[in-house]
Amino acid sequence: MKYPLNVRVNGVETSVDVEPHRSLLNVLREDIGLTGPKEGCDDSECGACMVLVDGRPVNSCSYLALQTDGREITTIEGVSEPSCPHSIQQALLEEGGVQCGFCTPGIVMSAKALLDANPSCDEDEVRLALGGNLCRCTGYQKIVRAVLRAAEQLQDRAGTTG
Amino acid sequence: MTSLIGQKFVRGDGLEKVTGQARYTADLAFTGLLHAKFLYAERARARIVDIDITAARAMRGVHAVVTQADAPMVRYGMFVKDRTLFAHEVVRFEGEIVAAVAAETPEQAEAACAAIRVVYEDLDPILDVEEALKSSSPLVHPDWKSYQTQNGVERGPNDCGHMTSVKGDVEAGFAEADHILTETYQSDMAHAVPIEPHAVVAQWQGDKVTIWSTSQVPFPARAGVAETLQIPQSNVRLVVPHLGGGFGGKCDFHFEAHVALLARQARRPVRLVFTRREEFVATDKVRHASKIELTTGVKADGTITARRARILLNSGAYCGDALFTTEIGLMMVAGPYRVPNLHAEVHTVYTNRTPAGSVRAPGGPETCWAVEQHTDELARRVGLDPLEFRRRNLVQAGDTGQTGQRFISSSAKECLERAAEIAGWPGKDFAPGEALGIAVGWWFSLPASSGAYVKLNADGTGTIVTGAQENGSGSVMGLATLAAEELGMRPDQFSIVYQDTESGPFDLGSAGSQTTFNNGRAVIEAAGEVRTKLLRKAAEMLEAAEEDLELVDGAARVRGVPSKALPIASVAAASQTSSLLIGSGSGNPPSLPEHDLSGCGGRLGYSAFLAPSFFCHIARVRVDEETGTVSVPEVTAVHEFGRILNPLGAQGQVEGGVIQSIGMAVLEGSQYDGGRQLNPGLLGYKLITAADAPRVNVELLEDPVDHGGPHGAKAVGEPPVVGTAAAIGNAVAAAAGTRVRALPMTAERVWTALHEQEGELA
């Protein structure tokens with residue numbers, strides 16, 4: 001038995017019919033065609049599937065798709081146009097915070113949720129916000145540095161425009 | 001022109017990765033795709049009495065069910081041909097694949113697996129390595145003598161490879177000693193844990209199959225498919241989309257043939273994606289649990305006179321590529337120390353556990369940990385500071401190593417002194433429970449053949465076509481720098497075609513930290529051929545002598561006459577009507593340094609360390625005496641890598657390796673109940689997170705070698721993971737006043753050691 005799911009995904013009104021047991025991650029990847037969010041554990045342990053639901057980061061592998069009915073979902077694909085990467089993405093590139101890249105979409109989403117809510121965050125807050133995102137390649141050093149750099153840039157920009 | 005070597009650059013695959021556009025194996029879409037599931041033994045050791053797939057095959061949505069009866073009866077294995085694709089008559093570990101199903105949905109495939117009826121006769125599992133080596137032990141492989149092996153492999157019952165390393169006269173050495181210390185250290189099985197689980201897609205067209213796989217080793221994987229399915233290698237194309245990390249867990253030939261068999265029977269493309277539990281239980285590619293016995297003689301002044309070592313590796317049910325671990329582990333028992341007299345033996349022991357193999361720096365962290373704990377205990381015995389003890393024993397240029405290789409240079413002491421300086425050894429102002437610990441080590445560069453093509457395009461860009469595999473480290477991305485350096489271009493002007501067996505020439509894969517070392521040489525050779533052709537054509541077009549030309553900033557120009565120049569694009573475009581600007585290279589692997597294996601035994605694949613590199617790690621730890629919890633607030637890691645080609649990339653390797661090694665030190669280990677893993681998931685088997693990870697002080701030293709990789713570079717990927725656990729162990733011992741002799745040094749083990757000590761004092 002399928003039920004209608006109406007969500008706004010990366011700014012686009014989207015309607016799909018899904019079985020009640022299916023995870024948000026599974027529906028995003030298989031039905032909506034967004035493969036940016038990754039499945040690393042299916043158990044909320046690795047954070048590779050992180051997306052924003054109404055601006056808050058959730059592990060989409062452990063979130064039922066139907067729970068998001070009527071809500072706003074942002075995936076890595078909705079963060080920026082590839083021709084104009086978000087400050088977090090640009091900083092990850094330049095600081096060397098991306099290696100194999102499998103955890104990167106989840107890292108970007110957790111970092112974006114943090115910076116949207118707390119643009120003046122310090123290193124401890126960054127580390128805590130990324131505590132649910134496992135990365136086996138980088139040892140986190142360059143990721144943390146990149147998020148702090150992005151925070152600085154966003155603040156500078158807010159300062160000059162505001 | 002400024003050299004590109006050692007400059008910061010942004011990796012070419014970075015943008016698609018940070019924007020979520022990079023496609024990994026599980027992201028690929030296929031029309032008519034079916035989903036695969038495996039049925040596992042779920043028991044450690046049993047005889048198969050009967051397998052009945054009738055019900056499963058009749059289920060809705062099921063398109064294929066295969067067992068060993070559907071596969072050629074081929075035994076395969078890198079060193080010892082000891083296994084079949086599916087269980088044949090017996091099962092030897094819980095993750096042994098008994099059958100596979102392809103169905104329209106993963107749920108249907110899983111239900112069909114559950115409907116396969118297997119009748120087992122359970123047998124007592126063989127679990128303990130010492131017991132397994134006794135002549136009274138039952139055999140994991142009763143037919144072991146009939147298995148084919150690689151040349152030189154020496155085996156015994158329940159021992160798929162043993163080796164001996166001998167130097168000097170160990171008894172005479174012990175006779176010279178003032179103190180002799182014997183100790184035993186043990187480590188638990190640990191896992192590679194790439195964040196991307198294994199995935200394979202197979203699709204047939206006629207008698208040819210294309211396989212997209214999360215492999216670190218496309219060419220060996222292709223050879224494995226051809227061997228087990230008994231088809232020509234040329235009928236198998238193996239493509240690796242972006243790879244989400246490997247750390248050795250995706251080396252060797254794995255599950256590609258299983259999926260290819262399903263796809264052939266179903267006549268549709270089939271995809272397998274592992275769950276995290278399967279990553280722990282079924283990937284037959286874990287870091288060996290080990291038992292390391294060391295006896296060392298020292299003089300009163302701290303000089304090491306002799307060492308005897310015995311290493312037992314729990315290799316699980318099959319040999320796989322485990323002998324890399326055995327061979328390298330054996331080469332680590334002397335450490336980077338002058339040990340004039342040595343007798344070391346190592347055994348790779350079959351048990352009914354998940355098979356072990358080469359995980360990042362196979363044989364490295366566990367052996368270094370044991371040797372370095374032992375080193376601190378030796379220092380304590382003779383009353384020397386651990387730093388001073390090491391200073392007196394580290395190898396220097398002119399010394400001979402374990403197998404008699406002569407060091408033409410050694411940065412071992414420089415790494416030690418520099419790390420001590422940065423970390424402020426021996427430390428002061430410690431909070432209660434705090435201390436520093438130190439560890440040193442060495443590693444090798446692996447010489448191997450490896451190929452690449454380079455071509456220039458009419459728009460002035462270049463393309464590198466390589467057989468090399470990018471595991472995430474950036475080593476393939478860095479090839480652009482090497483080609484650009486030869487041709488006076490920029491790295492971002494090169495596109496790279498990689499990890500596809502149909503396009504690139506042979507490479508053994510992202511294993512052994514060998515990509516830059518070997519494929520880098522191939523790319524330079526290929527680019528050199530292009531350079532020659534480019535200069536010849538440009539000279540003709542500029543009406544100048546070839547030897548007067550230089551390649552700078554994307555142009556060929558007459559040296560000293562910048563106005564007399566042609567863009568490389570023009571030369572490349574003009575060459576399309578004459579001789580094309582293409583080149584190929586296969587490097588030329590340097591040979592091992594001279595050494596002496598008299599008295600040694602078994603297959604010694606790493607009989608000498610080519611272009612050896614050295615390191616020193618110092619860890620600050622805090623031990624909570626109430627709970628036994630160890631936290632690591634700071635690590636200093638000094639590495640010498642010959643020549644640093646890509647500083648950002650090399651730092652990233654060190655930082656990642658250090659954090660992985662902290663995990664091995666205090667968290668990562670499989671617990672077992674008999675033959676079943678108790679913690680096959682990321683909740684029970686924890687990794688270090690961003691919130692736990694300390695800051696890492698990295699310093700990279702240079703000591704370029706002419707018998708090394710490009711521009712004097714040495715291997716980078718594996719050494720960083722080797723030393724941190726050892727440094728943490730020594731820091732824990734210093735902080736707690738007692739030594740924990742098992743890895744990982746979990747809170748429970750530390751607490752127990754602390755309380756045993758209290759018991760002794762009482």
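Since the structure is predicted, the reported quantities are computational estimates derived from the model, not experimental observations.

### Describing the overall build of chain B
Here is step 1 of the chain: Counting its regular elements, chain B contains 18 helices and 29 strands.
Here is step 2 of the chain: Here the C-alpha radius of gyration of chain B, 27 Å, is about what a compact globule of 762 residues would show, namely 27 Å.
Here is step 3 of the chain: Each of the three principal axes of chain B carries a C-alpha extent, and together these read 90 × 70 × 50 Å.
Here is step 4 of the chain: In chain B, which comprises 762 residues, the share counted as buried stands at 60%.
Here is step 5 of the chain: For chain B, long-range pairs separated by at least 24 residues make up 80% of all intrachain contacts whose partners lie at least 6 apart in sequence.

### Examining the overall build of chain A
Here is step 1 of the chain: Per the secondary structure count, chain A includes 5 helices and 5 strands.
Here is step 2 of the chain: Secondary structure elements of chain A, listed N to C terminal, follow the sequence β-β-α-β-β-β-α-α-α-α.
Here is step 3 of the chain: At 16 Å, chain A has a C-alpha radius of gyration in line with the 15 Å of a compact globule built from 162 residues.
Here is step 4 of the chain: Here chain A holds 162 residues, and the buried ones make up 54% of them.
Here is step 5 of the chain: Considering only contacts within chain A whose residues lie at least 6 apart along the sequence, 58% involve residues at least 24 apart.

### Regarding the sheet that holds strand S23 (residues 582–585) of chain B
Residues and elements named next belong to chain B.
Here is step 1 of the chain: On the basis of which strands lie adjacent, the open sheet formed by 4 strands has the order S19-S18-S17-S23 and mixed pairing. Edge positions in the sheet fall to strand S19 (494–497) and S23, since each of these pairs with one other strand and no more. Neighbour-to-neighbour, the strand axes of the sheet open up by a mean angle of 15°, direction not taken into account.
Here is step 2 of the chain: Both strand S17 (residues 452–456) and strand S18 (residues 462–466) contribute to a ladder of 5 bridges, which runs antiparallel. If you follow Lys-455 over to S18, its bridge partner there is Thr-463.
Here is step 3 of the chain: Of the strands in this sheet, S17, S18 and S23 touch helix H14 (residues 515–542), which is tilted by about 150° from S23.

### Some details on the domain arrangement of chain B
Residues and elements named next belong to chain B.
Here is step 1 of the chain: If you check the domain split of chain B, you get domain 1 (25–124 + 195–245 + 251–281), domain 2 (289–446 + 595–761) and domain 3 (448–585).
Here is step 2 of the chain: Here domain 1 and domain 3 have C-alpha centroids that lie 40 Å from each other.
Here is step 3 of the chain: Those elements that provide at least two residues to the side of domain 1 that touches domain 3 are helix H6 (218–229) and strand S11 (236–239).
Here is step 4 of the chain: Top contributing element to the side of domain 1 that touches domain 3 by residue count: H6, with 4 residues.

### Points about the sheet that holds strand S1 (residues 34–40) of chain B
All names here are of chain B.
Here is step 1 of the chain: Strand order in the open sheet formed by 7 strands is S3-S5-S1-S12-S9-S10-S11, and the pairing between neighbours is mixed. The open sheet is flanked by strand S3 (62–66) and S11, the only strands paired with a single partner. Between one strand and the next, the sheet's axes are offset by a mean angle of 20°, whatever the strand orientation.
Here is step 2 of the chain: Two strands pair when backbone bridges link them, and strand S10 (residues 208–213) and S11 are joined in this way by 4 bridges, in the parallel orientation. Bridging from a neighbouring strand, Val-209 pairs with Val-236 of S11.
Here is step 3 of the chain: Running over the sheet, H6 touches S10 and S11 and is turned about 145° from S11.
Here is step 4 of the chain: Packing of helix H7 (residues 256–266) onto the sheet brings it into contact with S1, S3, strand S5 (97–103), strand S9 (199–205), S10 and strand S12 (270–273), and relative to S9 it is tilted by some 40°.

### Overview of the nonpolar core
All names here are of chain B.
Here is step 1 of the chain: The biggest cluster of nonpolar side chains holds 253 residues, and the ones touching the most others in it are Ala-99, Val-101, Leu-262, Ile-728 and Val-732.
Here is step 2 of the chain: Sequence-distant contacts of Ile-728, defined by excluding residues within four places in its chain, comprise Gly-437, Ala-619, Val-621, Val-632, Ile-662, Ala-665 and Val-666.
Here is step 3 of the chain: One finds Val-465, Ala-468, Val-476 and Val-530 within the second-largest nonpolar core, a separate group that totals 37 residues.

### Observations concerning the packing of helix H10 (residues 364–382) of chain B against helix H17 (residues 724–736) of chain B
Residues and elements named next belong to chain B.
Here is step 1 of the chain: Close contact between H10 and H17 brings their axes to 8 Å; oriented N to C, the two are set at 35°. For the crossing formed where H10 meets H17, the hand is right-handed. Between H10, through Pro-365, Cys-368, Trp-369, Glu-372, Gln-373 and Asp-376, and H17, the contact on the second element is made entirely by Ala-725, Ala-726, Gly-729, Asn-730 and Ala-733.
Here is step 2 of the chain: Along the lines of polarity and charge, the residues of the contact of H10 with H17 split into 6 nonpolar, 3 polar and 2 charged.

### Thoughts on the UniProt feature "domain: Aldehyde oxidase/xanthine dehydrogenase a/b hammerhead" (unreviewed entry) in chain B
Here is step 1 of the chain: When the UniProt feature table is mapped onto this chain numbering, "domain: Aldehyde oxidase/xanthine dehydrogenase a/b hammerhead" (unreviewed entry) sits at residues 19–124 of chain B.
Here is step 2 of the chain: Along residues 19–124 of chain B, the helical share is 13% and the strand share 32%, with 52 Å between the first and last C-alpha atoms.

### Remarks on the interface of chain A and chain B
Here is step 1 of the chain: With 44 residues of chain A in contact, the opposing surface of chain B contributes 45 residues.
Here is step 2 of the chain: At the level of secondary structure, the elements contributing two or more residues to the side of chain A that touches chain B comprise helix H2 (87–95), helix H3 (104–117), helix H4 (123–129) and helix H5 (141–161) of chain A.
Here is step 3 of the chain: When its residues are assigned to classes, the side of chain A that touches chain B shows 22 nonpolar, 14 polar and 8 charged.

### Thoughts on the domain arrangement of chain A
How large an interface is tends to be reported as the accessible area lost when its parts come together.
Residues and elements named next belong to chain A.
Here is step 1 of the chain: Considered domain by domain, chain A is made up of domain 1 (3–78) and domain 2 (87–161).
Here is step 2 of the chain: With centres defined by C-alpha atoms, the gap from domain 1 to domain 2 works out at 22 Å.
Here is step 3 of the chain: Facing the 15 residues of domain 1 at the interface are 12 residues of domain 2.
Here is step 4 of the chain: For the side of domain 1 that touches domain 2, the element with the highest residue contribution is strand S3 (residues 50–53), accounting for 3 residues.
Here is step 5 of the chain: Taken together, the residues of the side of domain 1 that touches domain 2 sort by class into 9 nonpolar, 4 polar and 2 charged.

### A look at the pairing of strand S2 (residues 46–52) of chain B
All names here are of chain B.
Here is step 1 of the chain: Note that S2 and strand S4 (residues 90–91) share 2 bridges and pair antiparallel. Among the inter-strand pairings, Ala-46 is bridged to a residue of S4, identified as Val-91.
Here is step 2 of the chain: Across 6 bridges, the pairing between S2 and strand S6 (residues 117–122) is antiparallel. Bridging from a neighbouring strand, Ile-48 pairs with Tyr-120 of S6.

### Examining the environment of Val-359 of chain B
Here is step 1 of the chain: Residue placement: Val-359 of chain B occurs in the loop between strand S15 (342–350) and H10.
Here is step 2 of the chain: Every residue in contact with Val-359 of chain B, bar those within four places of it in the chain, is listed here: Ala-192, Phe-247, Gly-248, Gly-249, Lys-285, Val-286 and Arg-287 of chain B.

### Description of the packing of helix H13 (residues 479–487) of chain B against H14 of chain B
All names here are of chain B.
Here is step 1 of the chain: One way to put it is that H13 packs onto H14 with a least axis distance of 9 Å and a crossing angle of 30°. Between H13 and H14, the angle is such that the two are roughly parallel. For the element pair H13 and H14, the recorded crossing hand is right-handed. Residues Leu-479, Leu-482, Ala-483, Glu-486 and Leu-487 of H13 form the contact with H14, whose participating residues are Asn-519, Gly-520, Val-523, Ile-524, Ala-527, Gly-528, Val-530, Arg-531 and Leu-534.
Here is step 2 of the chain: Taken together, the residues that form the contact of H13 with H14 break down as 9 nonpolar, 3 polar and 2 charged.

### What to know about the pairing of strand S13 (residues 289–298) of chain B
Residues and elements named next belong to chain B.
Here is step 1 of the chain: For S13, the tally of buried residues reaches 8 of 10 residues, placing the bulk of the element in the interior.
Here is step 2 of the chain: In terms of strand pairing, strand S8 (residues 179–187) meets S13 through 9 bridges, oriented antiparallel. Note on S13: the bridge partner recorded for Leu-181 is Thr-296.
Here is step 3 of the chain: Note: S13 against strand S14 (residues 304–316), 10 bridges, orientation antiparallel. Along S14, the bridge assignment pairs Val-298 with Ile-304.
Here is step 4 of the chain: Between S13 and S14, which follow one another and run antiparallel, lie 5 residues, and Gly-302 among them has a positive phi close to 95°.

### Considering the environment of Ala-102 of chain B
All names here are of chain B.
Here is step 1 of the chain: Within the fold, Ala-102 resides in strand S5.
Here is step 2 of the chain: In this structure, the C-alpha to C-alpha distance between Ala-102 and Arg-222, residues 120 residues apart in sequence, is 22 Å.
Here is step 3 of the chain: Here Ala-102 is in contact with Leu-34, His-35, Ala-36, His-63, Ala-64, Ala-109, Leu-262, Ala-266 and Val-270, once residues within four sequence places are set aside.

### With respect to H2 of chain A
Here is step 1 of the chain: Burial runs high along H2 of chain A: 7 of the 9 residues are buried.
Here is step 2 of the chain: The positive-phi residue at the C-terminal boundary of H2 of chain A is Gly-96 of chain A, with phi of around 75°.

### Some words on unusual backbone geometry
All names here are of chain B.
Here is step 1 of the chain: Note that the residue after Trp-425, namely Pro-426, is joined by a cis bond; omega there is 5°.
Here is step 2 of the chain: In this structure, Pro-744 follows Leu-743 across a cis peptide bond, with omega equal to -5°.
Here is step 3 of the chain: Position of Pro-744 among the secondary structure elements: in the loop between strand S29 (742–743) and helix H18 (747–761).
Here is step 4 of the chain: A positive phi angle, near 30°, is found at Asp-284, a position not held by glycine.
Here is step 5 of the chain: If you trace the backbone, Asp-284 turns up in the loop between helix H8 (276–281) and S13.
Here is step 6 of the chain: The phi dihedral of Gln-499 is positive, around 50°, even though this residue is not glycine.

Rules used in this analysis
- Residues numbered from 1 in each chain as written.
- Chains lettered and ligands numbered in written order.
- Predicted model: local features only at pLDDT ≥ 70, side-chain atom pairs only at ≥ 80, totals over all residues.
- Helix = DSSP H or I, 4+ residues; strand = E, 2+ residues; numbered from the N terminus.
- Rg over C-alpha atoms; globule rule 2.2 N^0.38 Å.
- Buried ≥ 20, exposed ≤ 12 C-beta atoms within 10 Å, placed from the backbone.
- Contact = placed C-beta atoms within 7 Å.
- Pairing = 2+ DSSP bridges.
- Axes fitted to C-alpha atoms, helices over the stretch in contact; angles between N-to-C directions.
- Domains from an automatic or database assignment.
- Core = buried A, V, L, I, M, F, W, Y, C linked by C-beta atoms within 7 Å.
- Left-handed = near helix turned anticlockwise from the far one by under 90°.
- Nonpolar A, V, L, I, M, F, W, Y, C, P; charged D, E, K, R; others polar.
- UniProt positions renumbered as here; feature names shortened; annotations may be inferred.
- Parallel < 35°, antiparallel > 145°, perpendicular 65-115°, else oblique.

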